[in-house]
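The primary structure of each chain is shown beneath.
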Amino acid sequence: MSSSLKPVEWVGSSLDDLKQFPNEVQQVVGYALYLAQCGEKHPSAKPLKGFKGAGVLEVVEDFDGDTYRAVYTVKLEEVVYVLHVFQKKSKQGIATPKQDIKLIEIRLKRAQEHHHENYGKKRKGEEP
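The text that follows walks through the structure, step by step, so that each part is easy to find. (Residues numbered from 1 in each chain as written. Predicted model: local features only at pLDDT ≥ 70, side-chain atom pairs only at ≥ 80, totals over all residues. Heavy atoms only, no water.)

Another aspect to go through is the sheet that holds strand β3 (residues 56–63). Pairing is mixed across the open sheet formed by five strands, whose spatial order is β1-β5-β4-β3-β2. Edge positions in the sheet fall to β1 (8–10) and β2 (45–47), since each of these pairs with one other strand and no more. Between one strand and the next, the sheet's axes are offset by a mean angle of 35 degrees, whatever the strand orientation. Pairing of strand β4 (residues 66–73) with strand β5 (residues 80–88), which is carried by seven bridges, proceeds in the antiparallel orientation. Following the sheet pairing, Tyr72 is matched in β5 by Val82. In the packing of helix α2 (residues 23–37) onto the sheet, contacts are made with β1, β3, β4 and β5, and the angle to β3 comes to roughly 155 degrees. (Pairing = 2+ DSSP bridges. Helix = DSSP H or I, 4+ residues; strand = E, 2+ residues; numbered from the N terminus. Axes fitted to C-alpha atoms, helices over the stretch in contact; angles between N-to-C directions. Contact = heavy atoms within 4.5 Å.)

Ranked by internal contacts, the top residues of the largest apolar core, which has 17 residues, are Phe21, Val29, Leu33, Val59, Tyr72 and Val85. For this core, the elements supplying multiple residues, two or more each, are α2, β3, β4 and β5. Ranked by the residues each element gives to this core, the list is headed by α2, at six residues. Look past the residues within four positions of Val85 in its chain and what remains in contact with it is Ser14, Asp17, Leu18, Phe21, Arg69 and Ala70. Counting 14 residues, the second-largest nonpolar core is a separate cluster that includes Leu48, Tyr81, Leu83 and Leu108. (Core = buried A, V, L, I, M, F, W, Y, C linked by side-chain atoms within 4.5 Å. Buried < 20%, exposed > 50% of the residue type's maximum accessible area, 1.4 Å probe, protein only.)

Following this line, the structure appears as C-alpha cells:
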C-alpha cells in the first residue's frame, strides 16, 4: 500500500479565496493539490517565475473568460502549502502582478516558519 497523502496547509486567505471561485476551477485546483499530495504534478502546474529552487508551482485555469491562479509549494518536506489563490484581473501580459508576487514571498516565509515549528521537530529518528 502506498504511503499516506501529504497534508495541505492553507496560508493566509487562500482557502477562503478558493471557495469564491467557480466550481469548475475549484475542481481543477483541488485535483492539482491532490496530485501534489501524492508527490505528482498536474499537467498544467508550472514553476512560478522568480522562485527558482523554492519549489513554488502555479496552476492556471481559464474559465468563462477569466483566469484563475493557485500558487503552492512542495519544497517543504512532507507538506503542501497553498500560498495564494487569486483571479488575475489584468488583461495585458501573462506576468503575475507585483503585489501578488510580494504576497507569495511573504506567505512562503510564513509557510517556512510554520513548517519549522510544526514539522521540523518530527523528523524520523530524532527526539522531540
